[in-house]
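Structural overview for review
Each chain is listed here by its residues.
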Amino acid sequence: MSEKLSFVNPTPTSPWGTYLQQVDRVMPYLGDLAKWAETLKRPKRALIVDVPIEMDDGRIAHYEGYRVQHNMSRGPGKGGVRFHPDVTLEEVMALSAWMTVKTAAVNLPYGGAKGGIRVDPKKLSLKELEKVTRRYTSEIGIIIGPHTDIPAPDVNTNGQIMAWMMDTYSMNTGGTATGVVTGKPLHLGGSLGRVKATGRGVFVTGREAARRLGLDLRGARIAVQGFGNVGSVAAELFVEAGAKIVAVQDHTGTIVNEKGLDLAELIPVSRTPAGAVSFKGGDVVPNEAFWDVPCDILIPAALEGQITAARAKKTTAKLVLEGANGPTVPEADDILAERGVLVVPDVICNAGGVTVSYFEWVQDFSSFFWDEDEINVRLDRIMMNALNQIWDTADKHKISLRTATYAVACERILMARQERGLYP
Ligand code: NAD
């Protein structure tokens, strides 16, 4: 009965195309709620904005920005903002939809949203970066707010950018609205534990998955793609648990060391413009060779669509922990399942970030801040409860953890939709 969306052209491996197939796979498990499922296949609201700024040399540059609110049936929109030259409306739509599923999977009182600007921030001066951030925030200010839609960091955005967003929104509305964004610096209403929360969630879910598989973390070999906020923090925690990181790939290239890379030295080097490949404690190999490195655990923590069918066929990993959003295309998902490789899907594996974002938002409203132990205990409890429920659902229906996560999450979303009813 419903027309296809006219403004996107999804393919089987594009982010939105991947998401649509993931939704289709959960349909048999939705019972009577399936009649509402079309609501999952279209965003509630999508805003495209022009972001003009004056560059340091006096030129006027225009960038394209987006904020998509995919679904707000269960609460305000929640989701990060990505600064990347390849960002598109379709990508942001998929990322916003994955946020809807993720917040429902861990049972946070949020919907799903996401934002982005088509810009390479590495080519901007600090002043230009601030101007882009502030103009973008002002443009999307008509739909964000502490009770409507709360942005957070994602690829190439951080606490400083969140501080500029909070300040811009506050200047436009005449107050100090700390609750409008999460991932803020600590002294501006940020939360302890937020910076490491996503990587910590990857570790907590990964440790439990390894335990259930009978895979000993001591001595386990791990390959990590993407060595930013998510990948590097997860890597550190796995090393603390006795594992070794045998391969790291970032946007500058790939380094390997079968004896284990020294993270204390690699992490600071990877933060410099020269990136991970300038690290001397490993061998630089061609990027495609990353997928051939013998490993027990593979952590994609960069961008979407990285685990293709061909790469799924050759990985030696027994366990894939999706730190990134949408790293595995559906065909590759099937190949991994056939090969007996367990995938902990993004919508649960990387939900630690949004969970501590939720804690930050709650702390901002109550103006009462918790210590880091309390945050980590609550985070671990929420992640473990969610994972256990999803595992039981997967066992009950004999389905993948991904489809089980969608079954648990989509039931919550569509139940809320049904109970609210359609307006008018
Ligand atoms: P980040 O900007 O801190 O790091 C991104 C990393 O990916 C960098 O190491 C970069 O060099 C690498 N990278 C970029 N392009 C690459 C390419 N083509 N090949 C290999 N590596 C590449 O970003 P982040 O916050 O760590 O986010 C990484 C992933 O995790 C994204 O998919 C993001 O949506 C997801 N995620 C992030 C959070 C969060 O709290 N930051 C929460 C949930 C999910």
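A look at the overall build of the protein
- Each helix and strand counted, the protein has 13 helices and twelve strands in total.
- What you see for the protein is a C-alpha radius of gyration of 21 Å, in line with the 22 Å of a compact globule of 424 residues.
- Considering only C-alpha atoms, the protein reaches an extent of 55 × 55 × 45 Å along its principal axes.
- Sequence separation of 24 or more characterises 68% of the internal contacts of the protein that already satisfy a separation of 6 or more.
- Accessible surface, the protein as shown: approximately 17600 Å² in total, 52% of it carbon and sulfur.
- In the protein, the 47 positive side-chain charges and the 49 negative ones have mean positions that sit 3 Å from each other.

Considering the sheet that holds strand β8 (residues 253-256)
- Read from one edge of the open sheet, seven strands run β9-β8-β7-β6-β10-β11-β12, paired in mixed fashion. At either margin of the open sheet sits one strand with a lone partner, and together these are β9 (283-285) and β12 (342-344). In this sheet, neighbouring strand axes are inclined to one another by 20 degrees on average, regardless of whether the strands run parallel or antiparallel.
- Against the sheet, helix α5 (residues 194-213) engages β10 (297-300), β11 (319-321) and β12, with an angle of about 165 degrees to β11.
- Most of the contacts of helix α6 (residues 229-240) go to strand β6 (residues 221-225), to which it runs at about 170 degrees, and overall it touches β6, β7 (244-250), β10 and β11.

Overview of the packing of α5 against α6
- The interhelical angle for the contact between α5 and α6, taken along N-to-C directions, is 50 degrees, at an axis separation of 8 Å. One element, α5, and the other, α6, form an angle in the oblique class. Considering how the two elements wind past one another, α5 and α6 form a crossing that is right-handed. In this structure, α5 contributes Val-195, Lys-196, Thr-198, Gly-199, Arg-200, Val-202, Phe-203, Gly-206 and Arg-207 to the contact, and α6 contributes Asn-229, Val-230, Val-233, Ala-234, Glu-236, Leu-237 and Phe-238.
- Tallied by class, residues from the contact of α5 with α6 come to eight nonpolar, four polar and four charged.

What to know about the pattern of salt bridges
- Applying the stated criterion across every chain, the model contains 29 salt bridges.
- With its nearest N and O atoms 2.9 Å apart, the salt bridge here joins Glu-91 to Arg-82. Of the two residues examined, Glu-91 and Arg-82, each falls in the buried class.
- The residue Lys-184 makes a salt bridge to Asp-364 at a minimum N-O spacing of 2.7 Å. Here Lys-184 is found in the loop between α4 (159-173) and α5, whereas its partner Asp-364 is found in helix α11 (residues 352-366), with 180 residues between them in sequence.
- Taking the relative accessible area as the measure of exposure, Lys-184 reaches 5% and is therefore buried.
- By sharing partners, the salt bridges in this structure join Arg-82, Glu-91, Lys-114, Asp-154 and Glu-304 into a single network.

Here's the deal with the domain arrangement of the protein
- With domains assigned, the protein is organised as domain 1 (43-176) and domain 2 (195-328).
- Taking only C-alpha atoms into account, the centre of domain 1 sits 27 Å from that of domain 2.
- Contacts between the two partners involve ten residues from domain 1 and, on the opposite side, six residues from domain 2.
- Across the interface of domain 1 and domain 2, roughly 560 Å² is buried in total on both sides, 52% from carbon and sulfur atoms.
- The three residues of domain 1 that bury the most area against domain 2 are Arg-82, Trp-98 and Lys-122, which together make up 48% of that side's buried surface.
- Run the count over domain 1 and domain 2 and you get one salt bridge.
- Between Glu-304 and Arg-82 there is a salt bridge, with the nearest N and O atoms lying 2.6 Å from each other.
- One can count two residue pairs in polar contact (both at pLDDT 80 or more) joining domain 1 with domain 2.

Rules used throughout
Residues numbered from 1 in each chain as written. Predicted model: local features only at pLDDT ≥ 70, side-chain atom pairs only at ≥ 80, totals over all residues. Heavy atoms only, no water. Helix = DSSP H or I, 4+ residues; strand = E, 2+ residues; numbered from the N terminus. Rg over C-alpha atoms; globule rule 2.2 N^0.38 Å. Contact = heavy atoms within 4.5 Å. Areas by Shrake-Rupley, 256 points an atom, 1.4 Å probe, with all protein chains shown as cover. Lys, Arg positive; Asp, Glu negative; His and termini not counted. Charge placed at Lys NZ, Arg CZ, Asp CG, Glu CD. Pairing = 2+ DSSP bridges. Axes fitted to C-alpha atoms, helices over the stretch in contact; angles between N-to-C directions. Parallel < 35°, antiparallel > 145°, perpendicular 65-115°, else oblique. Left-handed = near helix turned anticlockwise from the far one by under 90°. Nonpolar A, V, L, I, M, F, W, Y, C, P; charged D, E, K, R; others polar. Salt bridge = Lys/Arg side-chain N within 4 Å of Asp/Glu carboxyl O. Buried < 20%, exposed > 50% of the residue type's maximum accessible area, 1.4 Å probe, protein only. Domains from an automatic or database assignment. Buried area = accessible area lost by both parts, 1.4 Å probe. Polar contact = N/O pair within 3.5 Å; in protein donor to acceptor, adjacent residues only side chain to side chain.

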